[in-house]
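The lines below spell out each chain.
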Amino acid sequence: MSRSVVLLVEDEPAIADNVVYALEGDGLSVQWARTGGEALALLPDISPALVILDVGLPDVNGFDLCRQMREQVTAPIIFLTARDTEVDRVVGLEIGGDDYVVKPFSPRELAARVRAHLRAMQRLQGAVASPPEEAGGFEVDEAAQTVRFNGSPLGLTRYEFRLLATMYRRPERVFSREQLLEAAWDDPVGVFDRTVDTHIKTLRRKLREASGGMDPIRTCRGVGYAYSPERQGSSE
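The following paragraphs examine the structure supplied in this document. (Residues numbered from 1 in each chain as written. Predicted model: local features only at pLDDT ≥ 70, side-chain atom pairs only at ≥ 80, totals over all residues. Heavy atoms only, no water.)

1. Section: the nonpolar core
Within the largest apolar cluster, 26 residues are counted, with the highest numbers of intra-cluster contacts made by Phe-138, Val-147 and Met-167. Every element with two or more residues in this core is listed here: strand E7 (138–141), strand E8 (146–149), helix H6 (158–169), helix H7 (177–184), helix H8 (193–211) and strand E12 (224–227). Looking at which element gives the most residues to this core, the answer is H6, with seven residues. Apart from the residues lying within four places of it in its own chain, the contact partners of Val-147 are Phe-138, Glu-139, Val-140, Ser-152, Pro-153, Leu-154, Leu-156, Phe-161 and Leu-164. (Core = buried A, V, L, I, M, F, W, Y, C linked by side-chain atoms within 4.5 Å. Buried < 20%, exposed > 50% of the residue type's maximum accessible area, 1.4 Å probe, protein only. Helix = DSSP H or I, 4+ residues; strand = E, 2+ residues; numbered from the N terminus. Contact = heavy atoms within 4.5 Å.)

Right, dumping it as structure tokens:
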């Protein structure tokens, strides 16, 4: 059985060497790219199971590179950055990132996070296929982890899909942020409630763009969110 390939995009050799050593010690294969351009050139050939992406690259901003990568891969993306502000974390999540590690960091901790994300992906891929459900024009296929509107696929991140699928299973039920964190995140400890709001915001935008303005996610202020399939628009 072939080993999972992790794409590491990091321009500092000392950091890259430590990360490669830790991941290869866990039985993973690592492809190291020093620049964003090099990483994009590698993508079609290696189909990475996970991407570790430095925000401060010499040729491109890591957030911009993430946006470009999301057009080609659905693999989890873990950001490496020296900046530990809420704004940076929110931006990273909004554009499709899955995790955030602040420098300096322990290579062992990073390796543990990589293992957790890969295990989560394996569970999703190993799920027993079930017929897609459809309501209000939206078709949710939990086995394939995809959502379509009138046959057209929506490019949702893993967490956006999990949030929508959780609410979709129980129409009109109001879920608190804490309940959504527990349902969508493998390790919700340390994840902020604001993270749910951020992903709901981008999920809503994608649903509206795909459906011509429909907004089936209802906000219950001070409580949480619910999926309302008959909801046609939003005044929020």
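2. Quick notes on the packing of H6 against H8
For the pair H6 and H8, the least separation of the axes is 9 Å and the interaxial angle reads 85°. On the basis of their axis angle, the class for H6 and H8 is roughly perpendicular. Here Tyr-159, Glu-160, Leu-163, Leu-164 and Met-167 of H6 lie close against H8, whose contacting residues are Val-196, His-199, Ile-200, Thr-202, Leu-203, Lys-206 and Leu-207. Here the contact of H6 with H8 is built from residues that sort into eight nonpolar, two polar and two charged. (Axes fitted to C-alpha atoms, helices over the stretch in contact; angles between N-to-C directions. Parallel < 35°, antiparallel > 145°, perpendicular 65-115°, else oblique. Nonpolar A, V, L, I, M, F, W, Y, C, P; charged D, E, K, R; others polar.)

3. Notes on the pairing of strand E11 (residues 217–220)
With four bridges connecting them, E11 and E12 associate as antiparallel partners. Paired with Ile-217 across the two strands is Tyr-227, which belongs to E12. Hairpin connection of E11 to E12: three residues between the antiparallel strands, including Gly-222 at a positive phi of 80°. (Pairing = 2+ DSSP bridges.)

4. Details of the packing of aromatic side chains
Counted under the stated rule, the structure contains four aromatic pairs. Look at Phe-63 and Phe-79: their rings are 5.2 Å apart centre to centre, the planes differ by 85°, and that puts the pair in the edge-to-face class. A residue pair is termed long-range when its members are at least 10 positions apart, and Phe-63 in helix H3 (residues 62–69) and Phe-79 in strand E4 (residues 77–81) qualify at 16 residues. A relative accessible area of 7% means that Phe-63 is categorised as buried. Judged by its relative accessible area of 0%, Phe-79 is buried. Between Tyr-159 and Trp-185 the ring centres are 4.5 Å apart and the planes differ by 5°, which places this aromatic pair in the stacked class. Pair noted here: Tyr-159 is in helix H6 and Trp-185 is in the loop between H7 and H8, with a separation of 26 residues, a long-range link. (Phe/Tyr/Trp six-rings, centres within 6.5 Å; stacked < 30°, edge-to-face > 60°.)

5. Remarks on the pattern of salt bridges
Two side chains carrying opposite charge are able to pair once their charged atoms lie near each other. Per the stated rule, a full pass over the model turns up 15 salt bridges. Between Asp-26 and Arg-115 there is a salt bridge, with the nearest N and O atoms lying 2.3 Å from each other. Here Asp-26, found in the loop between helix H1 (13–25) and strand E2 (29–33), pairs with Arg-115, found in helix H5 (residues 107–125); they are 89 residues apart in sequence, far enough to count as distant. Overall, Asp-26 belongs to the partly exposed group, its relative accessible area being 35%. If you follow the salt bridges from partner to partner, you end up with Glu-10, Glu-12, Asp-54 and Lys-103 in one network. (Salt bridge = Lys/Arg side-chain N within 4 Å of Asp/Glu carboxyl O.)

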